[in-house]
Amino acid sequence: MDKVRVRFAPSPTGPLHMGGVRTALYNYLFAKKHGGDFILRIEDTDQNRYVPGAEQYIVESLDWCKIIVDEGIGKAGDLGPYRQSDRKHMYKEYSDLLLESGNAYIAFDTTEELDQMRERMKNAGVPSPQYNAITRTSMQNSLSLSEDEVQARLDKNEPYVVRVKMPRNEEVKFKDIIRGWVVVNTNNLDDKVIFKSDGMPTYHLANVVDDYLMKISHVIRGEEWLPSAPLHILLYRFFDWKAPEFAHLPLILKPDGNGKLSKRDGDRLGFPVFPIEWKNPETGDVSKGYREEGYFKEAFTNMLAFLGWNPGTTQEIFSMDELIESFSLERVGKAGAKFDFDKTKWFNQQYLRAKDGQELSDLVSPLFQEKVSDADLAVICELMKERATFAKDIFNESTFFFEAPLEYDEKTLRKKWKESTPDILNQLIEILDSISSFDPLTIETTFKSFLEEKELGFGAVLPNFRLAITGLGMGPSMFHICSILGKEEVIKRLRLAIERNA
Ligand code: GLU
């Protein structure tokens, strides 16, 4: 097998949708699995759709996701440049080759002439008219006009495009790694423009020429490009080049499975569809990004990997190395993959829980602003991580570690706080006060023997104890919480609660 070389070839027309990131990820995983290269090529032949900042955004997104580029924008390689606008001078030669071999022709039609043709065809009962073997005969092109006429128009500098001459009634056949055999009859394809009057190639020509010149072995891209694949296969044939292998990835669908996931779904249902935040340079509108929302990059890429691929086992948590090891295009499904936001949060939770107290405290310490000691913060993180989805939740749920509660959970108060509660808590204060080493284990043993001695159940004391100390009805181990707060603070809060709720 030739060396595996794959490319991610986005157009800089705006922020990169997470579907695009998944395409990049699958390309990267495939390349790394086979010891190959991952190339980033920017396809900016359509200058009308160019959005400033989009290219930088793409680079930064891949960087955040740890999808490492071997060659491309920002990473020099032997087969560059890697931005199509910088390769502009290379394409005409290939368009000329197709003209010479008779697989392409020159067309002078103006926009009005094209519109008239469509109108004519519609009136004749053709629902979606195309520039093809039938219509081309009545249009202004080098197949229908005399050689002299063509030359005269060229001499007058009349603008023209180059169109591919789609063969009549031929079957184009190729094997897609994900979809199996794809067969299309050329009668269903049109004479696509491959070179424009502005001197730029269109996507089709530039894409095929660049894949060839960059020695791309596998084209792994979204399903939306499947209809273009037969034309690409034909172009390879016309040039007499070996075509790369193709794999068209399934769409990422809306959570209800009804259609492609769009930015609007994210806005409507409250989740980001972009890897990192994007500020629209024209309107100033900001679109949310997973990075800024507090997702771990590992969780994001792990989640993305599962949108279309599965390892065939029950394992769900995969590091990038494990993904590389397990990934195969054969295990990518044909059917669209439904996006599941709850599952996305679940992945983040799993990564959060897998981090130890020290790692987490490094992440959240800027939020805590020295409200607690470093040692305490590590313990707090350990205690709180089970209930958190994001690192920032640890801080948001931890106020009671540095502030006495201002109010008490209404429901617990109503259900648990009895007439006898102040008395019980007063006795608890006495017992706690007698402890000399205020560590979790001693507090726990003391508390339990207090319950035993007084013949009280956990349910009669613990919820009120928690309420007094944290103001909440639920939370992590009270004994650890008390140990962090210290004896004095615990007793102070118990007294305060008794006073307030008496
Ligand atoms: N420039 C195309 C895009 O924006 C690339 C399609 C392909 O990978 O061939 O998705």
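Presented here is an overview of the structure given in this document.

Rules used in this analysis
- Residues numbered from 1 in each chain as written.
- Predicted model: local features only at pLDDT ≥ 70, side-chain atom pairs only at ≥ 80, totals over all residues.
- Heavy atoms only, no water.
- Helix = DSSP H or I, 4+ residues; strand = E, 2+ residues; numbered from the N terminus.
- Rg over C-alpha atoms; globule rule 2.2 N^0.38 Å.
- Buried < 20%, exposed > 50% of the residue type's maximum accessible area, 1.4 Å probe, protein only.
- Contact = heavy atoms within 4.5 Å.
- Areas by Shrake-Rupley, 256 points an atom, 1.4 Å probe, with all protein chains shown as cover.
- Lys, Arg positive; Asp, Glu negative; His and termini not counted.
- Charge placed at Lys NZ, Arg CZ, Asp CG, Glu CD.
- Near = heavy atom within 4 Å.
- Polar contact = N/O pair within 3.5 Å; in protein donor to acceptor, adjacent residues only side chain to side chain.
- Nonpolar A, V, L, I, M, F, W, Y, C, P; charged D, E, K, R; others polar.
- Core = buried A, V, L, I, M, F, W, Y, C linked by side-chain atoms within 4.5 Å.
- Axes fitted to C-alpha atoms, helices over the stretch in contact; angles between N-to-C directions.
- Parallel < 35°, antiparallel > 145°, perpendicular 65-115°, else oblique.
- Left-handed = near helix turned anticlockwise from the far one by under 90°.
- Salt bridge = Lys/Arg side-chain N within 4 Å of Asp/Glu carboxyl O.
- Pairing = 2+ DSSP bridges.
- Phe/Tyr/Trp six-rings, centres within 6.5 Å; stacked < 30°, edge-to-face > 60°.
- Lys NZ or Arg CZ within 6 Å of the ring centre and 35° of its normal.
- Right-handed = clockwise from strand over helix to strand, strands pointing away.

Details of the overall build of the protein chain
Right, on to step 1. When helices and strands are counted, the protein chain shows 20 helices and 14 strands.
Right, on to step 2. The C-alpha radius of gyration of the protein chain comes to 33 Å, more than 25% above the 23 Å expected for a compact globule of 502 residues.
Right, on to step 3. The C-alpha extent of the protein chain, read off along each of the three principal axes, is 110 × 50 × 35 Å.
Right, on to step 4. In the protein chain, buried positions account for 50% of the 502 residues.
Right, on to step 5. Contacts spanning at least 24 positions in sequence make up 72% of the contacts within the protein chain whose residues lie at least 6 apart.
Right, on to step 6. As displayed, the protein chain offers around 24600 Å² of accessible surface, 48% of which is attributable to carbon and sulfur atoms.
Right, on to step 7. In the protein chain, the 65 positive side-chain charges and the 79 negative ones have mean positions that sit 4 Å from each other.

Notes on the site of the ligand
Right, on to step 1. Contacts to the ligand come from R7, A9, P10, S11, E43, Y203, N207, R221 and W225.
Right, on to step 2. Separating an oxygen atom of the ligand from a side-chain N or O atom of R7 is a distance of 2.7 Å.
Right, on to step 3. Interatomic distance of 2.9 Å between a side-chain N/O atom of Y203 and an oxygen atom of the ligand.
Right, on to step 4. In isolation the ligand offers 300 Å² of accessible surface; the protein chains occlude 84% of this area.
Right, on to step 5. For the shell around the ligand, the residue count by class is 4 nonpolar, 2 polar and 3 charged.

A look at the nonpolar core
Right, on to step 1. F38, I67, F339 and F465 are the most contacted members of the largest nonpolar core, which totals 140 residues.
Right, on to step 2. Tallying contributions element by element places helix α1 (residues 18-33) first for this core, with 9 residues.
Right, on to step 3. Filtering out sequence-adjacent residues up to four positions away, F38 remains in contact with V6, F8, A24, N27, Y28, A31, L62, I67, I68, V69, D70 and E71.
Right, on to step 4. Judged by nonpolar contacts, the second largest core, of 7 residues, contains A107, L114, M117 and M139.

Some details on the packing of helix α17 (residues 440-454) against helix α19 (residues 478-485)
Right, on to step 1. At a minimum axis separation of 8 Å, α17 and α19 run at an interaxial angle of 120°. Comparing the axis directions of α17 and α19 gives the class oblique. Two packed elements cross with a definite hand, and for α17 against α19 that hand is right-handed. Here P440, I443, E444 and F447 of α17 lie close against α19, whose contacting residues are F479, H480, C482 and S483.
Right, on to step 2. For the contact of α17 with α19, the per-class residue count stands at 5 nonpolar, 2 polar and 1 charged.

Examining the pattern of salt bridges
Two side chains that carry opposite charge are able to pair once their charged atoms sit near each other.
Right, on to step 1. According to the stated counting rule, one finds 33 salt bridges in the structure shown.
Right, on to step 2. A salt bridge links D37 to R5; the nearest nitrogen and oxygen atoms lie 3.0 Å apart. With D37 in strand β2 (residues 37-40) and R5 in strand β1 (residues 5-8), this residue pair connects regions lying 32 residues apart in the sequence. Comparing D37 with R5, the two get one shared label, buried.

A word on helix α9 (residues 297-305)
Right, on to step 1. Burial analysis of α9 places 7 of its 9 residues in the buried class, the great majority of the element.
Right, on to step 2. Turning to α9, its buried residues are A299, F300, T301, N302, M303, L304 and A305.

Brief notes about the environment of K392
Right, on to step 1. In this structure, K392 sits in helix α14 (residues 391-396).
Right, on to step 2. As for K392 and S365, which are separated by 27 residues in sequence, their C-alpha atoms are 10.0 Å apart.
Right, on to step 3. Apart from the residues within four sequence positions on either side, K392 is in contact with E293, G294 and L367.
Right, on to step 4. Polar contacts involving the side chain of K392 include one to the main-chain carbonyl oxygen of E293, which spans 2.9 Å.

Here's the deal with the sheet that holds strand β8 (residues 193-195)
Strand-to-strand pairing in sheets goes through backbone hydrogen bonds, with the strands running parallel or antiparallel.
Right, on to step 1. In spatial order, the strands read β4-β5-β8; together these 3 strands make up an open sheet with antiparallel pairing. A single partner strand is all that each edge strand has here, and the edge strands are β4 (104-107) and β8. Put simply, the sheet's adjacent strands are angled 45° from each other on average, direction ignored.

Brief notes about the packing of aromatic side chains
Right, on to step 1. Tallied over the full model, the rule gives 32 aromatic pairs.
Right, on to step 2. Pairing Y295 with F390 gives two aromatic rings, centres 4.9 Å apart and planes at 80°, and the pair type is edge-to-face. Of the two residues, Y295 is situated in the loop between β13 (286-287) and α9 and F390 in the loop between α13 (374-384) and α14; the sequence distance between them amounts to 95 residues.
Right, on to step 3. What makes F390 buried here is its relative accessible area of 12%.
Right, on to step 4. Cluster of aromatic residues (ring-pair linked, three or more members): Y26, F306, W309, F318, F327, W346 and F347.
Right, on to step 5. In this arrangement the basic side chain of R163 is found over the ring face of Y131, its NZ or CZ atom lying 3.7 Å from the centre.

Here's the deal with unusual backbone geometry
Right, on to step 1. A cis amide bond, omega -5°, links G80 with the succeeding residue P81.
Right, on to step 2. Secondary-structure assignment places P81 in the loop between β3 (71-72) and α3 (92-100).
Right, on to step 3. One non-glycine residue with positive phi stands out, namely N157, at about 60°.
Right, on to step 4. Among the secondary structure elements, N157 is positioned in the loop between α5 (147-155) and β5 (161-164).
Right, on to step 5. Although it is not a glycine, K215 sits at a positive phi angle of roughly 55°.

Some points on the pairing of strand β9 (residues 218-222)
Right, on to step 1. The buried count for β9 comes to 5 of 5 residues, which makes it a mostly enclosed element.
Right, on to step 2. Pairing geometry for β9 and strand β10 (residues 245-249), over 5 bridges, is parallel. The residue of β10 that forms the bridge with G222 is L249.
Right, on to step 3. As a crossover connection, the stretch from β9 through helix α7 (residues 229-239) into β10 is right-handed.

Thoughts on the packing of α13 against α19
Right, on to step 1. Closest axis-to-axis distance for the α13/α19 pair is 11 Å, and the angle between their directions is 160°. By the angle between their directions, the pair α13 and α19 is classed as roughly antiparallel. Both α13 and α19 take part in a crossing whose hand is left-handed. Only H480, I481 and I484 of α19 make contact with α13, whose side of the interface consists of D376, V379, I380 and L383.

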